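Chain residues, written in single-letter form:
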Amino acid sequence: MARKPMTGAVRMAFEADSLRIGIADILPLHHVGTAVKKSRKYTQIAASVRYVGVIEPPVVARDKSDPGKFLLLEGHLRVEILKEMGETSVICLIAIDDEAYTYNKRVNRLATIQEHRMILKAIEAGVPEERIAKALDVDVGSIRRKRILLDGICPEAVELLKDKHVPLQSFGELKKMLPVRQVEAAHLMVAMNKYSHNYARSLVGATSASELVDANKPKRVAGLSDEQLTLMELESSKLDREFRLIEQSYGADHLDVVVVTGFLERLLGNARVLRYLTQNYPELLMEFQKIAASGKAAA
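Residues numbered from 1 in each chain as written. Predicted model: local features only at pLDDT ≥ 70, side-chain atom pairs only at ≥ 80, totals over all residues. Heavy atoms only, no water.

A. Representation of the overall build of the protein chain. Across its full length, the protein chain holds 14 helices and five strands. Within the protein chain, buried positions represent 32% of all 299 residues. In the protein chain, 70% of the contacts between residues at least 6 apart in sequence involve partners at least 24 apart. Accessible surface, the protein chain: about 19,000 Å² in total, of which carbon and sulfur atoms supply 57%. (Helix = DSSP H or I, 4+ residues; strand = E, 2+ residues; numbered from the N terminus. Buried < 20%, exposed > 50% of the residue type's maximum accessible area, 1.4 Å probe, protein only. Contact = heavy atoms within 4.5 Å. Areas by Shrake-Rupley, 256 points an atom, 1.4 Å probe, with all protein chains shown as cover.)

Quick look at the structure:
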């Protein structure tokens with residue numbers, strides 16, 4: 001099936017320039033209650049804003065009914081903290097899409113690598129590590145570990161995990177692997193949606209010695225014998241091959257599912273066909289409905 005070429009420019013999600021806006025002109029979409037202000041998360045963000053400043057600008061949209069006002073889509077806690085500090089304005093990103101629900105579905109909360117880059121940015125700006133630690137309510141050792149988070153991680157693996165919530169210990173496990181294996185492990189983490197330290201350790205355990213940074217260092221995984229580790233390596237190689245085969249055929253398979261489910265939806269939308277199946281083939285009708293429903297969910 002030939003695909004039609006895409007036409008037209010890609011629509012930007014934000015206006016090109018950020019804007020300093022008076023806090024009085026920003027209209028929040030929900031109230032920050034007393035319970036939220038007593039939470040640890042609020043305390044951490046408040047400390048960060050006071051000691052480091054606003055790293056991630058709040059996101060607003062222009063109020064179509066009042067050109068001088070803006071709807072606050074994301075950043076309610078930061079704006080509330082700035083108000084408590086007596087600030088009267090804040091630099092914001094201007095979203096072109098003003099539907100808060102749609103926007104919030106697209107927002108990725110600060111991931112591990114994003115936090116690492118934020119810390120580097122603050123250090124480059126001259127903020128001492130002790131001050132950053134106080135802002136984030138963590139010890140200085142944690143800041144130093146996050147500062148060197150990506151040392152020894154190849155760029156391709158970083159790109160795959162840049163918006164994922166990966167524990168620091170998992171990056172430590174990735175550093176035990178050579179770059180090619182790091183990329184394979186990152187692909188598996190994303191495909192399985194598993195980033196835990198234990199899962200990363202199991203990937204190291206399933207890695208052959210030739211793909212480890214220190215090939216001469218014997219692998220040790222608690223609770224597993226050498227025979228079990230060898231079996232894990234074989235199973236991991238098999239899983240990698242199967243994963244690559246699935247990845248190659250995924251696009252075509254997905255297109256087939258869309259076409260088939262679309263046809264079934266039109267078929268079941270025909271009153272005469274639906275009546276005929278209901279009277280003569282109720283079991284077949286149920287299967288068609290299941291296929292159409294599952295295909296719609298997958299799409």
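B. Spotlight on the confidence of the model for the protein chain. In the predicted model, the protein chain carries a mean pLDDT of 80, and the fraction of residues at 70 or more is 77%. Here residues 1-7 is a poorly scored stretch, pLDDT under 50, and it has two contacts once near neighbours within four places are set aside; other chains count. pLDDT under 50 marks residues 100-108. Its contacts with residues more than four places away, or in other chains, come to 13 contacts. (pLDDT = per-residue confidence, 0-100.)

C. Quick look at the sheet that holds strand β4 (residues 70-74). Taken together, the five strands give an open sheet; going across it, the order is β1-β5-β3-β4-β2, and neighbouring strands pair in mixed fashion. Of all the strands in the sheet, just β1 (19-22) and β2 (26-28) have a single pairing partner and so form its edges. Here the strands of the sheet are splayed against their neighbours by 55 degrees on average, with no regard to which way each runs. Pairing of strand β3 (residues 59-62) with β4 involves four bridges; the strand directions are antiparallel. Paired with Val59 across the two strands is Glu74, which belongs to β4. Strands β2, β4 and β5 (89-94) of the sheet are contacted by helix α3 (residues 76-84), whose axis makes an angle of about 120 degrees with β4. (Pairing = 2+ DSSP bridges. Axes fitted to C-alpha atoms, helices over the stretch in contact; angles between N-to-C directions.)

D. Up close: the side chain of Glu80. Mapped onto the fold, Glu80 is located in helix α3. Taking relative accessible area as the criterion, Glu80 reaches 17% and is therefore assigned buried. Those residues in contact with Glu80 that sit more than four places away from it in its chain are Val32, Lys37 and Tyr42.

E. Structural context of α3. A large share of α3 lies buried, amounting to seven of its nine residues. Looking only at α3, the buried set comprises His76, Leu77, Arg78, Val79, Glu80, Ile81 and Leu82. Looking at the residues trailing α3, positive phi occurs at Gly86, about 90 degrees.

F. Representation of the pattern of salt bridges in the model. A full pass over the atoms with the stated rule returns 15 salt bridges. Of the charged contacts, one joins Asp25 and Lys69 as a salt bridge, the two residues approaching to 3.1 Å between their closest N and O atoms. Linking Asp25 in the loop between β1 and β2 with Lys69 in the loop between β3 and β4, this pair joins segments that are 44 residues apart in sequence. What makes Asp25 partly exposed here is its relative accessible area of 28%. Judged by its relative accessible area of 24%, Lys69 falls in the partly exposed class. (Salt bridge = Lys/Arg side-chain N within 4 Å of Asp/Glu carboxyl O.)

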